[in-house]
Each structure stands twice: as structure tokens, then as C-alpha cells.
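Coordinate analysis (summary)
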Amino acid sequence: MSVTVEDEEFVRLIDPLRAELVAYCRRMLGTGADAEDAVQETWLRALRSHRDADLQGAAALRGWMYRIATNVCLTALDQRSRRAVPVPDGPYDLPSPPEADPAAVAESRETMRLALLAACRSLPGRQSAALILRDALGWRAGEVAELLGTTGAAVNSMLQRARVRRPEASAARREPADPRVRAMLDRYVTAMENADAAELARLLTEDAECEVPPATVRGREAILRFLAAECPAFGDCRLRPVVVGGRPAVVTYRRGAARPVAVDVLTVTPSGIRRIVSHRR
């Protein structure tokens, strides 16, 4: 595709939007790599079609770019739907730190941010887009409706469904109720903190899966190799057991760091841990 002087001027106009669109796409897609790819595709689509668009004023340009980015993200989510991340609709039962401890409060807030991000990823694409645009970015319902090509009433309906599904913090319990699941979770925590591959091999089922977006690693042996070679926190982390929507999970911190880097949701079966899904900052 040849680039004209007009195209170069257009790129100069839209480049200030890149950072916020990357942040928006990351919220939609879950990883920085996917967000960068989505914004690159957004730029290409915008370059191909800007001459035919009515882009009078900065607001019109910004809305048009968000519309393209949203469509790119929805397409990516649709293609990904066959391996959707299994995040339940139930509450996130996370520890509630003493209000007098600012460090603990900040840590809990960051943990909740990760948990709510995981929840947003579990919503259907258009609901997720409506929720992010309306609640996180402060768009008006009419603006969201125009971007999604629907009505204000439809947007309000999407938001209502999304907010019902969006989990809220609860300090009801800090660990799984089933003692067998709790014991397996404790063993998993110890194995990860000590980089104990032999213990992890005993905990994982042979057909286990580990999803660290954008990658999905399948099979016990492949997961062990992946952790040893690609996971910087393996053996250099501390983990806190929590409950996410009724599922056992762990909050992961790098050693010496106060802020969590991930919430990992586990699928535990009688024969072992069947799936690990990581939701990262």
C-alpha cells in the first residue's frame, strides 16, 4: 500500500491516540501483545478508509478510531472464542486488609483490579466493550451506542447484563471450603514457590492445560518445560490462595514486590489440576 502526503498528514493526526487505544485494546483482549497487534490493524484499516470518512473535528476522528479498534477487537475475540477463558460469574472472595495498613489496602486494590480485569474478559465482546467505554472511559450511553451501531436502550441493556455478571469483592472466605481442594492448592503454592517440578508433575493431570495469554500450553510435560524456561516467577514468587467465583486460585507476587502480577484460576478435578488460567497485569 503506497502512502501519500495526505496519508502522512492523517497519521500525524491519529498518532496522539495510539497510547489510549493500546490501553483500550488491552482491556478488551487481555495482553499487551494482542493490543499492539490490534492497534496496528486499526491503523491499517484507518489508512485504507480515511478518505471516505466524514471526520470533521477531533471528537469525530477519535470516535471513528475507537469504532475501528472495537471492531478489530471483536473480530479477535470471536476468533478466540473456541478457547474462551473460563472465569465463573460468582463473587471474588478475596482477603480484606485492615484499613489502617495503606500498603495492604493498595495491595488488595491491585488484586481486585486484576480480578475484575479477568471478569471483564469473561463477558461477551460487545458487553465488554460497552462496559469499558461507559464505566472505565466515561463515554455517554449515546456515544457508546453510536460506536457499536446500536441504540441507547440496547447499550443500557448490555450494561445491565454486564454489571450483573461483573463480580464484586467479598471477604466471605479466604480459601476453598473443600479440604481436599485446599490441600491440593497448598501443595501447588509450595511447588511453585520452590520450583519443585517433581511435585507439580504429581499435581497436574497428564492432559493439563496452562493458559498464559496469548499462549496455551497443553500437556503436563509441556507445561513443566514452559514454566522452567518461560515463567520468571517460577521459583521466584510468593503465592496467596484465594477463591475466584467458587474456583480455587492464587494471587502471584514476585519476591520482594508488594504488588501482585497475576491472578491464576485453577480447575481442580479428583485426579489433579486440569487447567491453569493466568490473568496478568
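Located above this text is the structure these notes cover.
Now for a description of the structure that goes with this document.

Here is what the cut-offs are and how they apply
Residues numbered from 1 in each chain as written. Predicted model: local features only at pLDDT ≥ 70, side-chain atom pairs only at ≥ 80, totals over all residues. Heavy atoms only, no water. Helix = DSSP H or I, 4+ residues; strand = E, 2+ residues; numbered from the N terminus. Contact = heavy atoms within 4.5 Å. Areas by Shrake-Rupley, 256 points an atom, 1.4 Å probe, with all protein chains shown as cover. Buried < 20%, exposed > 50% of the residue type's maximum accessible area, 1.4 Å probe, protein only. Polar contact = N/O pair within 3.5 Å; in protein donor to acceptor, adjacent residues only side chain to side chain. Salt bridge = Lys/Arg side-chain N within 4 Å of Asp/Glu carboxyl O. Phe/Tyr/Trp six-rings, centres within 6.5 Å; stacked < 30°, edge-to-face > 60°. Lys NZ or Arg CZ within 6 Å of the ring centre and 35° of its normal.

In this section: the overall build of the chain. If you tally the helices and strands in the chain, you get eleven helices and eight strands. Within the chain, contacts between residues separated by at least 24 positions form 59% of all contacts whose residues are at least 6 apart in sequence. A total of about 13,900 Å² of accessible surface is found on the chain, and carbon and sulfur atoms cover 51% of it.

So, on to the environment of T205. Secondary-structure assignment places T205 in strand β3 (residues 204–212). For T205, a relative accessible area of 7% corresponds to the buried category. With residues near it in sequence (within four places) discarded, T205 still touches R220, T269, S271, G272, I273 and R274. Separated by 2.9 Å, the side chains of T205 and D207 make a polar contact.

In this section: the pattern of salt bridges. Throughout the structure, instances matching the rule amount to 16 salt bridges. The residue R12 makes a salt bridge to E9 at a minimum N-O spacing of 2.4 Å. Taken together, the residues span about one helical turn, with R12 and E9 both in helix α1 (residues 5–14) at a distance of three residues. For the salt bridge of E146 with R67, the shortest nitrogen-to-oxygen distance reads 3.9 Å. Highlighted residues: E146 in helix α7 (residues 141–148) and R67 in helix α4 (residues 58–80), separated in sequence by 79 residues. The class for E146 is exposed, based on a relative accessible area of 58%. Each of E209, E211, R218 and R275 takes part in one network of salt bridges that share partners.

Below, the discussion takes up the packing of aromatic side chains. Counted according to the given criterion, the structure contains three aromatic pairs. In this arrangement the basic side chain of R18 is found over the ring face of W43, its NZ or CZ atom lying 4.4 Å from the centre. Between the NZ or CZ atom of R238 and the centre of the ring of Y253, over which it lies, the distance is 4.2 Å.

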